[in-house]
Amino acid sequence: MEAVAKLRNYPTSPRKMRLLADLIRGQKVELVLAELEFNPKHPAVPLRKLVLSAIDNWKQKNEGGDISQLGIKTIFVDGGRTLKRMRPAPQGRGYRVRKRSNHVTVIVDTIVPGEGKQSKKAIAKAKAAAATTA
């Protein structure tokens, strides 16, 4: 049974948050928490708290469930509202500054060993091994 956690209107650009989201997508939560704890990027702190919140939501739904098999099933970052501000520019003009925000959604669920991210080389190697044994 999957659990969802959402972070809404976090004031950083979606592009910066997507860099971290791509880093943790499809991995086990223990590895994700360790990666985010020592990541120098500033959105790593709220993203780690969001993953912890998703884990707690999963615990409430699945009492007595095994956390060791828990992983990030889905994570996506959407653009939030954009605050438009003006910065003084030369000769009486003004430059527009866009202060972006984003929404992050994390879905955690148990990950079955053998499923998930695999490279094309790993899939081809598994097929070759299966063909030689058969």
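Going by the structure above, here's the rest.
Just so it is clear, the structure is predicted and the values come from calculations on it, not from any experiment.

Visitor: Explain the overall build of the protein to me, please; I cannot follow it from the model alone.
Guide: Tallying secondary structure elements over the protein gives four helices and three strands in all. The secondary structure elements of the protein, listed N-terminal to C-terminal, are β-α-α-α-β-β-α. Over its C-alpha atoms the protein spans a radius of gyration of 20 Å, topping by over 25% the 14 Å that the globule rule assigns to 134 residues. Oriented by its inertia axes, the alpha-carbon framework of the protein measures out at about 75 × 40 × 25 Å. Looking at the protein as a whole, 32% of its 134 residues qualify as buried. Working note: accessible area of the protein is about 9200 Å², and carbon and sulfur atoms make up 54% of it. For the protein, the distance from the average position of its 27 positive side-chain charges to the average position of its 11 negative side-chain charges is 17 Å.

Visitor: Explain the environment of Asp109 to me, please; I cannot follow it from the model alone.
Guide: You can see Asp109 is positioned in strand β3 (residues 94-110). A relative accessible area of 13% places Asp109 in the buried class. Taking the C-alpha atoms as reference points, Asp109 and Leu70, 39 residues apart in sequence, are found 5.5 Å from one another. If we skip the residues at most four places from it in the chain, Asp109 touches Met1, Glu2, Trp58, Gln69, Leu70, Gly71 and Lys73.

Visitor: What is the right way to read the sheet that holds β3 from this model?
Guide: Hydrogen bonds along the backbone pair up the strands of a sheet, which may run parallel or antiparallel. The antiparallel open sheet is built from three strands, whose spatial order is β1-β3-β2. The sheet is open, and its two edges are formed by β1 (3-10) and β2 (70-88), each paired on a single side. Taking each pair of neighbouring strands and ignoring which way they run, the sheet shows an average axis angle of 10°. In this fold helix α3 (residues 44-61) packs onto β1, β2 and β3, with an angle of close to 150° to the strand it touches most, β1.

Visitor: Sorry, what's going on with the packing of helix α2 (residues 29-37) against α3 here?
Guide: A packed helix pair is summarised by two numbers, namely the angle formed by the two axes and the spacing between the axes. As a packed pair, α2 and α3 sit with axes 9 Å apart at the nearest point and diverge in direction by 155°. It follows from the interaxial angle that α2 and α3 lie roughly antiparallel. Here the hand of the crossing between α2 and α3 comes out left-handed. Of α3, the residues touching α2 (which contributes Val29, Val32, Leu33, Leu36 and Glu37) are Ala44, Leu47, Arg48, Val51, Leu52 and Ile55. Class assignment for the residues of the contact of α2 with α3 results in nine nonpolar, no polar and two charged.

Conventions and cut-offs
- Sequence order sets the numbering: in each chain, residues are counted from 1 along the sequence as written.
- Local features are withheld for residues below a pLDDT of 70 in this predicted model, meaning they are given only at 70 or higher, and side-chain atom pairs are given and counted only at 80 or more; totals for whole chains, interfaces and linings count all residues.
- The basis for every side-chain value is the complete set of heavy atoms in the structure, and neither hydrogens nor water enter the calculation.
- Under the scheme used here, helices are H or I runs from DSSP no shorter than 4 residues and strands are E runs no shorter than 2 residues, and both carry numbers assigned from the N terminus.
- The globule rule is 2.2 Å times the number of residues to the power 0.38, and the radius of gyration it is compared with is taken over C-alpha atoms.
- Relative accessible area decides the class of each residue, using a 1.4 Å probe on protein chains only: under 20% of the type maximum gives buried, over 50% gives exposed, and in between gives partly exposed.
- The accessible surface values rely on the Shrake-Rupley method and a 1.4 Å probe; as for residues, cover is taken only from the protein chains in view.
- In this tally, Lys and Arg are treated as positive and Asp and Glu as negative; His is ignored, and so are the chain termini.
- Lys charges are placed at NZ, Arg charges at CZ, Asp charges at CG and Glu charges at CD.
- Throughout, a residue-residue contact means that at least one pair of heavy atoms, one from each residue, lies within 4.5 Å.
- When DSSP finds at least two bridges between two strands, those strands are taken to pair.
- A fitted line through C-alpha atoms serves as each axis, taken over the contacting stretch for helices, and the angle formed by two N-to-C directions is quoted from 0 to 180°.
- Comment on the angle field: the value is read as roughly parallel under 35 degrees, roughly antiparallel over 145, roughly perpendicular from 65 to 115, and oblique elsewhere.
- Each crossing gets its handedness from the near helix: less than a right angle anticlockwise from the far helix is left-handed, clockwise is right-handed.
- We call Asp, Glu, Lys and Arg charged. Ala, Val, Leu, Ile, Met, Phe, Trp, Tyr, Cys and Pro are nonpolar, and the rest, Gly among them, are polar.

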